[in-house]
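Chain by chain, the residues:
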Amino acid sequence: MIEPQKSETGGFYAYCLSFAFFFPAVVLACNYAAFPRVPSLLDMDLFQDFLIGGLINAAFLLPGMILPILILPCMLLVYGGVVVPTAVYGGYMVTFGGILGYDVSRFVWNTNWNQAYEFLSSRLTPVAWAALAFLLLFPLVLMVLALRSPKPANSARRLLCLLPLLFAVVFYEGYFMKLHAQTQARMWWDASVRKYFFRYYAREFYKLKNMDVMERELLHIMVHLPKENFPLTGLRRVKTRDVNGLVLVGESASRPHHGIYGYFRDTTPRLEAMSADLVVFNNAEVASSASTRSLLGAFSFVDNERDISQYTCSIFDILNEAGFETAWLTNSIIESIFSFAGGEAFVRTINSNVQRYEDVNITDENGKHLDEATLPLLRKILARQGQGGKGLFVRFNGSHMRYVNRYPAAFARFSGYPDDPARPWLTSEKKNIIDQYDNTILYTDHVVAEFIEAMKTQGGVSFVLYFSDHGEEVYSTRDFFGRVDKKVEETPSIMKVPLLLWFSDEYKRDFPEVVEAARMNLRKDFVLDDLLWTMVELYGLTFDGFRPDKSLVNAAYVPVRLDRR
């Protein structure tokens with residue numbers, strides 16, 4: 001029996017075009033999901049995104065549609081270059097209700113595998129996994145259908161069938177090029193094709209990553225200027241006594257979750273027990289929710305008025321120049337050298353001049369080292385006698401997600417977060433996340449108290465400064481936890497951070513004006529970008545051009561509050 005010969009159909013082209021327009025359609029759907037509106041073709045910006053993205057994808061498939069033997073490599077090219085960025089971009093829009101921009105991209109490229117795992121495991125629900133599987137598998141189905149479909153054998157018929165597509169591509173290119181003068185052709189490319197096309201492709205990620213690399217290289221050059229180029233003149237000690245200062249850098253600790261700041265749970269029992277010896281500042285906030293930018297501002301003169309290109313020096317350079325012994329001890333997985341972009345570039349660059357650097361996570365990047373692991377290192381440094389004073393810095397893992405990994409079992413004390421009619425989104429699972437976060441604050445309270453006790457035991461003219469690089473939203477004001485979304489700057493629990501000081505009896509005796517000014521300013525507004533000025537004065541230093549109005553421990557301090565409207 002002779003089988004009937006299969007006829008040529010348009011199915012091959014239909015599958016190819018469906019494949020080309022699938023990814024722009026995903027972004028279009030995600031846009032409507034993230035920013036609800038009435039679907040309408042009158043929304044020309046979105047429709048144009050969809051149309052141009054699909055047409056350019058189709059243009060990449062044209063060689064395979066003209067010569068079907070090339071269709072598989074053409075489809076693999078588009079599939080491999082689009083599928084992951086589209087899934088990430090669309091998923092980010094739906095999950096966080098915002099656009100994946102430069103700040104988020106910087107966070108991605110400064111993330112290591114452990115952080116990525118923790119983030120994904122806390123965010124990917126069964127629905128998200130199902131959506132991801134659809135994004136990955138459905139295009140493969142279209143590829144298989146296209147490859148198995150009868151393909152037109154007649155070259156003239158193939159070209160004839162493709163004329164409408166060719167006309168559409170040529171029309172759009174010619175139309176836009178006509179609107180722009182020849183000298184503006186590159187501008188048209190940047191504003192149109194790359195804007196719509198590369199948004200769905202990995203090129204956007206690489207472009208943003210390269211921006212991060214350029215900024216890092218610029219900063220690297222500036223912080224490694226020869227010592228004779230030290231920019232501050234007249235750097236000197238106010239008094240002859242050596243000062244030992246310990247700066248504790250918290251991670252993701254939100255001020256509203258601290259009992260010492262009025263939280264309904266007793267998350268800071270040890271700090272409250274020693275509150276008579278502390279100066280607890282009530283109104284400190286950060287300029288950015290990004291650790292890199294926040295700490296760059298805290299440890300250097302970079303602020304909202306001076307950007308990276310105006311970097312001069314860091315607190316570490318100042319202490320080295322003044323004859324202090326400097327050390328940076330860290331348990332932060334963010335500083336790991338195994339990050340995608342080589343670690344937290346800005347922080348690791350500006351503290352690269354410390355005389356001793358210890359990372360307890362560097363040999364085992366599982367993120368489960370506890371912050372107490374840095375305490376023995378501090379005690380060894382304190383026990384070593386030396387002249388000139390010590391400038392010591394310790395960075396915690398603190399409350400960095402995944403919260404349950406940040407504290408030992410003995411500190412899993414909080415459970416059964418109460419219902420709140422004002423927050424109907426508080427399911428049992430979300431209340432459990434709040435419990436875990438509060439346990440991290442409880443453990444950090446213990447660790448900070450242990451460091452203070454170590455400094456107290458050592459004696460001498462000493463102080464301890466504790467602050468957090470930023471806070472965290474944990475279902476306090478909305479149905480969200482973390483700090484990566486479009487409402488970061490509007491969320492008090494992310495931008496408000498703890499800030500407190502402990503002084504030894506010897507410090508109080510030698511620097512009474514500093515202690516008194518700190519107590520006088522404890523209720524005043526303060527932005528972390530001005531912390532360097534405060535640290536300079538805490539270490540008993542000054543220099544030509546010092547700004548007392550920026551130091552929180554100076555009687556001349558002028559309150560600063562960021563306008564977040």
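Worth saying up front: this structure is predicted, and the values here are computed from it rather than measured. (Residues numbered from 1 in each chain as written. Predicted model: local features only at pLDDT ≥ 70, side-chain atom pairs only at ≥ 80, totals over all residues. Heavy atoms only, no water.)

## As for the environment of His 470
This is how it is decided: Comment: elements are numbered from the N terminus, with helices defined as DSSP H or I runs of at least four residues and strands as E runs of at least two. Exposed residues in this analysis have more than 50% of their type's maximum accessible area, buried residues have under 20%, and partly exposed residues fall in between, with area computed by a 1.4 Å probe over protein chains only. Pairs of residues are marked as contacts when any of their non-hydrogen atoms sit within 4.5 Å. Polar contact criterion, stated in full: a pair of N or O atoms within 3.5 Å, where within protein one must be able to donate a hydrogen and the other to accept it, and residues adjacent in sequence count only if both atoms are side-chain atoms.
Here His 470 shows up in the loop between β8 (462-468) and β9 (473-474). The exposure class of His 470 is buried, given its relative accessible area of 0%. Separated by 28 residues in sequence, His 470 and Pro 498 have C-alpha atoms that sit 8.9 Å apart. What His 470 contacts, discounting residues up to four positions off in sequence, is Glu 251, Ser 252, Ala 253, Val 286, Ser 288, Ser 289, Ala 290, Ser 291, Arg 483, Ile 494 and Val 497. Only 3.1 Å separates the side chain of His 470 from the side chain of Ser 291, close enough to count as a polar contact.

## Points about the pairing of β8
Just so we agree on the cut-off: Each pair of strands is called paired provided DSSP finds at least two bridges between the two strands.
With 7 of its 7 residues buried, β8 lies for the most part within the structure. Covered by surrounding structure in β8 are Ser 462, Val 464, Tyr 466 and Ser 468 together with Phe 463, Leu 465 and Phe 467, the residues of both alternating faces. Bridge count between strand β2 (residues 244-250) and β8: 7 bridges; the pairing is parallel. Looking at the pairing, Val 247 lines up with Leu 465 of β8. Where β8 meets strand β11 (residues 499-503), 5 bridges bridge the pair, whose relative direction is antiparallel. Looking at β11, one finds that Tyr 466 is bridged to Leu 500.

## Some words on the confidence of the model for the chain
When pLDDT is low, close inspection of the predicted coordinates is not appropriate. Put simply, the test is: Along the chain, pLDDT gives the predictor's confidence residue by residue, from 0 to 100.
Summarising the model, the chain shows a mean pLDDT of 80, and 73% of its residues fall at 70 or more. This stretch, residues 1-7, has a pLDDT under 50; its non-local contacts, to residues over four places away or in other chains, come to 1 contact. Contacts of residues 176-202 to residues separated by more than four positions or lying in other chains number 42 contacts, the stretch itself having pLDDT below 50.

## Regarding the pattern of salt bridges
For the record, the criterion: Any carboxyl oxygen of Asp or Glu that lies within 4 Å of a side-chain nitrogen of Lys or Arg is treated as forming a salt bridge with it.
Under the criterion given, the structure shown has 24 salt bridges. Two residues, Arg 423 and Asp 420, come together in a salt bridge whose shortest N-O distance is 2.8 Å. Classification of Asp 420 as partly exposed rests on a relative accessible area of 25%. Of the charged contacts in the structure, one is a salt bridge between Asp 549 and Arg 547, with a shortest N-O distance of 2.8 Å. We classify Arg 547 as partly exposed; its relative accessible area is 34%. One salt-bridge network, in which partners are shared between bridges, spans Arg 241, Arg 509 and Asp 510.

## A few points about the pairing of strand β3 (residues 278-281)
Of the two faces of β3, the one carrying Leu 278 and Val 280 and the one carrying Val 279 and Phe 281 are both buried. Here β3 runs beside β11; their pairing, made up of 4 bridges, is antiparallel. Of the residues in β11, the one forming a bridge with Val 279 is Leu 501.

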